[in-house]
Amino acid sequence: MQTPPEEMKPHVAFLPSPGMGHVIPLFQLAKRLVFDHAFQVSFFLITTHSSAAQDQFTRAAAQLSPHLRIICLPEADVSAIISQDMRILTQICVITTESIKPLKPMLIDLNPTPVALIIDIFTTDVISICEELSIPVYSFFTASTPLLALSLYLPTLDLEVEGEFVDLPVPVEIPGCKNMRTEDLVDQVKDRKNDEYKWYLFNVSRLQYAAGILVNTWENLDVQRITALKQNSFFRSIPTPPVFPIGPLIKEEETLTEKDAEILAWLDNQPCESVLFVALGSGGTLSSKQLVELAWGLEMSQQRFLLVVRKPSDASASGTYFTVGSDEDDPSAYLPDGFLEKTSGVGVVVPSWAPQLPILRHGSTGGFLSHCGWNSALESLVQGVPMIAWPMYAEQRMNATMLVEEIGVAVKAAAEIGEVVVGRKEIETVVREVMEGEKGKMLRRRAAELKRSANEALESGGSSDRSLSLLVDIWKSNLKI
Ligand code: UDP
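Reading the values: rules and limits
Residues numbered from 1 in each chain as written. Predicted model: local features only at pLDDT ≥ 70, side-chain atom pairs only at ≥ 80, totals over all residues. Heavy atoms only, no water. Helix = DSSP H or I, 4+ residues; strand = E, 2+ residues; numbered from the N terminus. Buried < 20%, exposed > 50% of the residue type's maximum accessible area, 1.4 Å probe, protein only. Polar contact = N/O pair within 3.5 Å; in protein donor to acceptor, adjacent residues only side chain to side chain. Contact = heavy atoms within 4.5 Å. Near = heavy atom within 4 Å. Areas by Shrake-Rupley, 256 points an atom, 1.4 Å probe, with all protein chains shown as cover. Nonpolar A, V, L, I, M, F, W, Y, C, P; charged D, E, K, R; others polar. Arc of directions from axis to C-beta. Pairing = 2+ DSSP bridges. Right-handed = clockwise from strand over helix to strand, strands pointing away. Axes fitted to C-alpha atoms, helices over the stretch in contact; angles between N-to-C directions.

## Concerning the side chain of His11
Point 1. For His11, the location among the structural elements is in strand S1 (residues 11-15).
Point 2. Taking the relative accessible area as the measure of exposure, His11 reaches 1% and is therefore buried.
Point 3. A polar contact is formed between the side chain of His11 and the side chain of Arg69, at a distance of 3.5 Å.
Point 4. Dropping the residues within four chain positions of it, His11 is found in contact with Gln40, Val41, Ser42, Arg69, Leu110, Asn111, Pro112, Thr113, Pro114, Val115 and Ala116.

## Observations regarding the site of the ligand
Point 1. Lining the immediate surroundings of the ligand are 17 residues, of which Ser282, Ala354, Asn375, Ser376 and Glu379 lie closest.
Point 2. Side-chain polar atom of Glu379 to an oxygen atom of the ligand: 2.5 Å apart, as the coordinates give it.
Point 3. When the ligand sits alone it has 540 Å² of accessible area, and the protein chains cover 95% of it.
Point 4. For the shell around the ligand, the element with the most residues is helix H14 (residues 374-383), which contributes four residues.
Point 5. Its residues assigned to classes, the shell around the ligand comprises six nonpolar, nine polar and two charged.

## Overview of the environment of Phe305
Point 1. Of note, Phe305 is situated in strand S9 (residues 304-309).
Point 2. Classification of Phe305 as buried rests on a relative accessible area of 1%.
Point 3. Residues Phe305 and Val346 lie 41 residues apart in sequence; the distance between their C-alpha atoms is 6.7 Å.
Point 4. Among all residues touching Phe305, those that are not within four sequence positions of it are Trp266, Val275, Leu276, Leu298, Phe339, Thr343, Val346, Gly347, Val348 and Val349.

## Notes on helix H8 (residues 223-231)
Point 1. Every buried residue of H8 is accounted for by Arg225, Ile226, Ala228 and Leu229. Relative to the axis of H8, the buried residues are bounded by an arc of 160° and lie together on one face.
Point 2. Buried positions along H8 lie against helix H6 (145-160), helix H9 (233-237), strand S7 (243-245) and helix H15 (396-407).

## Some thoughts on the pairing of strand S8 (residues 275-279)
Point 1. Within S8, five of the five residues are buried, leaving the element largely enclosed by the surrounding structure.
Point 2. What you see with S8 is no split at all: Val275, Phe277 and Ala279 on one side and Leu276 and Val278 on the other are buried throughout.
Point 3. Inspection of the sheet shows S8 paired to S9 by four bridges, in the parallel sense. Each bridged residue has a counterpart across the sheet, and for Val278 the counterpart in S9 is Leu307.
Point 4. Following the backbone out of S8, through helix H11 (residues 288-301) and into the adjacent parallel S9, one traces a crossover that is right-handed.

## Quick word on the sheet that holds strand S3 (residues 68-72)
Point 1. An order of S3-S2-S1-S4-S5-S6-S7 is seen for the seven strands of this open sheet, with the pairing classed as parallel. Across the chains shown, the open sheet's two edge strands, defined by having one partner strand only, are S3 and S7. Taken pair by pair, the neighbouring strands of this sheet meet at an average axis angle of 20°, ignoring direction.
Point 2. Pairing geometry for strand S4 (residues 116-119) and strand S5 (residues 137-141), over three bridges, is parallel.

Given below as structure tokens:
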């Protein structure tokens with residue numbers, strides 16, 4: 001194929017919310033547009049203090065192609081308006097609002113004018129700027145379909161229900177979708193008086209102004225909700241913009257550090273599907289008590305493991321959201337005494353951050369104990385790895401329910417009634433169940449089916465490929481020179 005001259009390449013801009021879970025899928029889409037569809041891309045990044053993981057990502061991303069420009073927005077000084085006791089979403093939204101102040105002239109300066117700006121759930125502030133500039137805005141919803149359905153329904157629920165949603169005596173009925181247990185609701189809607197709820201409602205209320213909603217999933221993974229979002233009379237009446245399931249878009253490769261290479265070399269020497277990978281996303285931080293139980297549960301299971309650990313925090317389950325990869329303490333300072341010695345040779349402990357995708361892709365990995373962030377879930381599904389669901393915050397509980405009860409690719413490690421901490425015995429039981437039990441074999445078969453289904457969706461002519469081609473055609477037909 002002949003490459004069109006630079007000025008003829010359609011131009012798409014991106015603006016993800018802060019956090020690797022948002023940046024990564026939007027960047028995958030950007031790469032597809034550049035490498036498979038001859039677009040040029042300007043990828044705006046909101047800079048947050050000291051995220052080593054994001055810094056490493058930015059350096060690698062900037063090298064990929066001259067048609068994929070990474071533009072870091074100047075770091076906003078939010079020191080006077082943000083306090084550490086603010087909830088995570090409030091922090092994200094305040095940082096976003098402040099960071100995009102210089103964006104309008106930057107968008108005006110882009111040449112040629114973008115045919116679309118792709119945002120995600122918490123960067124909707126930019127919609128009004130784009131209206132003035134006549135740039136169509138598309139929202140790439142990087143989370144799961146249960147959260148998308150709830151989010152589109154939320155403005156209605158907000159009008160209909162007085163008091164807290166979590167106090168409702170019955171599950172939430174979302175039109176055309178499975179009911180949602182109140183305990184599975186996303187954290188941000190569990191306290192309506194908190195600013196976090198107001199920010200969440202503000203952002204999801206604006207989804208309807210997008211020209212389209214792209215979703216990181218594929219049709220066959222959730223036929224019921226995707227059909228409801230497209231066809232149910234309630235969703236049509238909102239109105240819901242056209243929905244495009246274009247996933248699963250996950251990271252394809254990673255720049256490996258020396259330390260990463262050592263981890264993979266260790267995996268090379270382990271038997272096939274024998275290692276449980278334990279990682280809780282970019283923010284997941286356990287309490288000290290929970291970390292001790294997890295460590296002993298792993299030891300008691302006598303299974304091989306690769307454990308990503310962070311300094312425990314009794315204050316917040318999402319403690320490292322903005323700083324992940326920067327904190328490389330010595331794990332022996334907070335793991336139980338004797339744990340490292342006892343498990344030496346059977347398990348490897350990695351502080352803070354590990355190369356998740358190559359680990360999941362490795363033949364020695366046989367299970368994934370995950371916080372069920374949507375990117376992690378997709379990465380596991382694409383590699384055909386069964387999961388132990390360990391939801392912690394945000395929408396992870398509804399994802400876990402979907403993975404366990406609807407998709408059938410995970411089991412859940414549960415605390416006893418009335419307890420917050422999952423005990424070591426329960427952990428030992430589920431780990432054995434997944435790694436060596438009959439249940440594990442069943443989950444592995446289901447995971448293999450889903451891996452095939454995900455690949456089919458992405459192949460040429462598959463459902464996600466067709467959705468993306470449709471968008472590409474729309475954007476190419478908007479080409480402004
Ligand atoms: N990740 C990683 N190494 C880690 C932890 C996380 O590479 O030690 C990556 C993971 O592969 C995924 C992303 O970080 O792409 C986490 O996104 P997810 O949506 O699962 O969770 P979040 O971090 O948003 O809670």
